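For reference, the chains in residue letters:
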Amino acid sequence: MVDGDGGNGSHPPPASASGSGHDSIPPPSISPKRGGWRAIKFILANESFEKLASMGLAANLTVYLKSKYNLNGIFLVNVVSIWSGSTNITSIAGALISDIYLGRFLTLLFGSIASLLGMGVITITAAINKLRPATCNEPIGCELPQGGQLSVLFIGLGLIAIGAGGIRPCNIAFGADQFDTRTKKGKAQLESFFNWWYFLFTIALLIALTGVVYIQTNISWVIGFAIPTACLAFSVFFCLVGYPTYICKKPQGSVFIDMAKVISATIRKRSVKLAPAERCSFYNPNPNSDSDEEIEMEEGEINKKKKTVLTKRFPCFNRAAVITNPKEEIDEQGKPKNSWRLCTLEQVEQMKCLVGIIPVWFSGIGCLLVMDQQGTFGILQAIQMDKSIGKHFQIPPAWMGMTSMVALSIWIFIYEQIYLPLSKKYLKREKRLTMGQRIQIGIIMSLLCMLTAGIVEKKRRETALKSGSFISPLHVTYLLPQFALSGLTEAFAAVAIMEFFTLRMPESMRSVAGAVFFLSLSIASYTSSLLVNIIHSATGGGSNKGKGTPWIGGHDLNQDRLDYYYYLIAIIALINFIYFVLFSRKYVSSGKLKPNAPMPPLPTMPMAE
């Protein structure tokens, strides 16, 4: 992503209408001192502190619920997976609120405040003993939490999920608003922005989570949760203090509503037979639809604001913009009498953009499903392994998750600071990995992650049973490879998929791109929970009446066959790889779709009777 002001703030980014999809040049009233990297530093600070706080909870939530709420087995996995999924699916609601009512800045601010309140509630549950069941150090037979205790816990988790819904679809989109991506320089910097976005908050997480998780696990859960609460307070502070530097675009309607209108119009006109594009009359009220408008950019560049043209893909949606009866469909002002029956050509093309990312979206869910396992079963493995370093120090189980972030950060640093400069020096150009290549490598990493996890779990279980103890003598560092591979899956696949969503969407749909990415995270978490329950039931975990050893869901991993579950997820990863190579990769490779002939001038007033 580019600093649209070219370093001097001379050209703020174009305003975008989230609902209509029309891009326009920012009015002269926008201060040249707004936007660019001067605004991004506050946005990144807000994001870094928010991620620091939310991950300060998420990284250790499994341990907290197991040690302080005595949750075990299938219920524990479901709570963590469903909460994780909910923190992502609320992004859709956040995108709608942002685009229709509040705008990205206010949605981001209110989301940060909701997260602060939720984290405060979680801190209170750690501070007041009556809000939790009695402490129990036995692996089984502990007192379970009462309904009221769970209610307070779920209120705190729910507020954090609501806050995440306001933050996640808007932080990247709001950052994108501060730049002008219409130049060649801007397009070149776009990929780097995503990588540095990941890199900066990951480094912040590593610095903080090392101490926070240790404090939570070994010193005090109250202090350990108070620190993320303070971080969220800083997040709100930076969000507010940077306000004078932001370019804040007004909400102009939701693209989701436009998508619903296109679907409705397509269904209503399903009987319309489409003629060749040059013989159809499409509704396009854009006054510049029949000519390109040249826009002067920084450094003497000239960029054309391209007219809306009909693309070849998904022709069934073209019906939504076809004018079949001008007298009945268009009023005297040249507007549709029923916008649920006649849509603009731009709305149709936006719908095509959204549908066009679905094949890659499915591949992304497959990768994220693998990553989701480490936050639950990976931590449960760590709990039942030797965590000692010397005689007096115990590695907190949640520290395993930092291995993923270290691997992600190392790869991004190597790629941005070593590989690209060397390629530019010796090849005279930056030889970047394509999005398709990075996603494909990420899927391979996800497959290797699950195979490695299965092998390690088999060894962990065997050594535990041989020693006859709940804690396996196998050291927790044996988990490092699978967590590192999970981080590389994110570094290759997740970063590339997020970039793909944003690049394939017009500027007006940036919030949608963010929401779609986090929706994939949510679906991955819910799918994981569904698989866990199905496999738990199918392998005898519910009744265990002569059906053999359950794979997952027991109070003691030594009595389960978690390695079989990992191998099953590895098979899913293999299927995902085959699917991507044979089918969805072509959607990543088709960066420029050749349009049909430009649309002929369309009537803005009803045709003569």
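In every chain, residue numbers begin from 1 and rise along the written sequence. It should be noted that, the model being predicted, local features are given only for residues of pLDDT at least 70 and side-chain atom pairs only at 80 or more, the latter also being counted only at that level, while totals for whole chains, interfaces and linings use all residues. Excluding hydrogens and water, the side-chain figures rest on all heavy atoms present in the structure.

## Remarks on the environment of A570
Piece 1. Each helix corresponds to a stretch of at least 4 residues labelled H or I by DSSP, and each strand to a stretch of at least 2 residues labelled E; elements are numbered beginning at the N terminus. Looking at the secondary structure, you find A570 in helix α15 (residues 562-589).
Piece 2. Classification of A570 by relative accessible area gives buried; the value is 4%.
Piece 3. Each C-alpha atom, one on A570 and one on A453, is 9.5 Å from the other, the two residues being 117 residues apart in sequence.
Piece 4. If near-sequence neighbours (up to four positions away) are discounted, A570 is found in contact with L447, M450 and L451. Note on exposure labels: buried denotes an accessible area under 20% of the residue type's maximum, exposed denotes more than 50%, and partly exposed covers the range between, all computed with a 1.4 Å probe on protein chains only. By definition, residues are in contact when any of their heavy atoms lie within 4.5 Å.

## So, the confidence of the model for the chain
Piece 1. For the chain, the mean per-residue pLDDT works out to 79, and 80% of the residues sit at or above 70.
Piece 2. Here residues 289-305 scores under 50 on pLDDT; set against residues more than four positions off or in separate chains, the count is 40 contacts.
Piece 3. Across residues 591-609, where pLDDT falls below 50, the model places 35 contacts with residues more than four positions away in sequence or in other chains. How sure the predictor is of each residue is captured by pLDDT, a score from 0 to 100.

## A short note on helix α11 (residues 400-427)
Piece 1. Between its first and last C-alpha, α11 extends 39 Å over 28 residues, near the 40 Å set by a 1.5 Å rise per residue.
Piece 2. Along α11, the sharpest change in direction is near 35° and occurs at Y415.
Piece 3. After α11 finishes, the residue K428 shows a positive phi value of roughly 65°. How far a helix is expected to stretch is found by multiplying one less than its residue total by 1.5 Å. The term bend refers to the angle at a residue between two fitted axes, each drawn through seven residues, those ending there and those starting there.

## What about the packing of aromatic side chains?
Piece 1. Any pair of Phe, Tyr and Trp rings, taking the six-membered ring for Trp, is counted once the centres come within 6.5 Å. Such a pair is stacked with planes under 30 degrees apart, edge-to-face with planes over 60 apart, and tilted for the rest. Within this structure, the stated rule accounts for 24 aromatic pairs.
Piece 2. We count a charge as sitting over a ring when the NZ of a lysine or the CZ of an arginine lies within 6 Å of the ring centre and within 35 degrees of the ring normal. When the ring centre of Y564 is taken as origin, the NZ or CZ atom of R561, which lies over that ring, is 4.2 Å away.

## Focus: the pattern of salt bridges
Piece 1. Throughout this description, the term salt bridge denotes a Lys or Arg side-chain nitrogen within 4 Å of a carboxyl oxygen of Asp or Glu. Per the stated rule, a full pass over the model turns up 8 salt bridges.
Piece 2. For R438, the salt bridge is made with E499, and the minimal N-O distance between the two is 2.9 Å. Within this pair, whereas R438 is found in helix α12 (residues 435-467), its partner E499 is found in helix α13 (residues 480-503), the two being separated by 61 residues in sequence. No difference in accessibility class separates R438 from E499, as the two residues are buried.
Piece 3. Notably, a salt bridge pairs K458 with E462, separated by 2.7 Å at the nearest N-O pair. Here E462 and K458 lie together in helix α12, a separation of 4 residues that amounts to about one turn.
Piece 4. Assessed through its relative accessible area of 40%, E462 is described here as partly exposed.
Piece 5. A single network of salt bridges, built from pairs that share partners, joins E47, E50 and K51.

## Considerations on the packing of helix α1 (residues 37-58) against helix α6 (residues 221-241)
Piece 1. At a minimum axis separation of 8 Å, α1 and α6 run at an interaxial angle of 160°. In terms of orientation, α1 and α6 fall into the roughly antiparallel class. Seen along the crossing, α1 lies across α6 with a hand that is left-handed. Two secondary-structure elements touch here, α1 through F42, A45, N46, F49, E50, L52, A53, G56 and L57 and α6 through F225, P228, C231, L232, F234, S235, V236, F238, C239 and V241.
Piece 2. Its residues placed into classes, the contact of α1 with α6 shows 15 nonpolar, 3 polar and 1 charged. Interaxial angles span 0 to 180 degrees and are taken between N-to-C directions of axes, which are lines fitted to C-alpha atoms, for helices over the stretch in contact. Note on terminology: angles under 35 degrees are roughly parallel, angles over 145 are roughly antiparallel, angles of 65 to 115 are roughly perpendicular, and the others are oblique. Take the far helix as the reference: if the near one is turned anticlockwise from it by less than a right angle, the crossing is left-handed, and if turned clockwise, right-handed. Residues are grouped as follows: nonpolar covers Ala, Val, Leu, Ile, Met, Phe, Trp, Tyr, Cys and Pro; charged covers Asp, Glu, Lys and Arg; every other residue, Gly included, is treated as polar.

## Looking at the nonpolar core
Piece 1. Residues enter a nonpolar core if they are buried and are Ala, Val, Leu, Ile, Met, Phe, Trp, Tyr or Cys, with the set joined through side-chain atoms within 4.5 Å. In terms of nonpolar packing, the biggest core is built from 69 residues, with L57, L65, F377 and Y565 touching the most fellow members.
Piece 2. For this core, the element with the highest residue contribution is helix α3 (residues 73-127), accounting for 9 residues.
Piece 3. Excluding its chain neighbours within four sequence positions, the residues that come into contact with L65 are N70, L71, L76, V79, V80 and L153.

## Some details on a nonpolar patch on the surface
Piece 1. Grouping into patches uses exposed residues only, defined as over 30% relative accessible area, and leaves out salt-bridged ones; the cut-off is 9 Å for like charges and 5 Å for nonpolar side chains (Val, Leu, Ile, Met, Phe, Trp, Tyr). Here the accessible surface of atoms and residues is derived via Shrake-Rupley with a 1.4 Å probe, and residues count as covered only by protein chains that are part of the display. On the surface, I97, I100, Y101, L102, L106, F110, I113, L117, I257 and W340 cluster together into a nonpolar patch covering about 860 Å² of accessible area.
Piece 2. Inspection of the secondary structure assignment puts I97 in helix α3.

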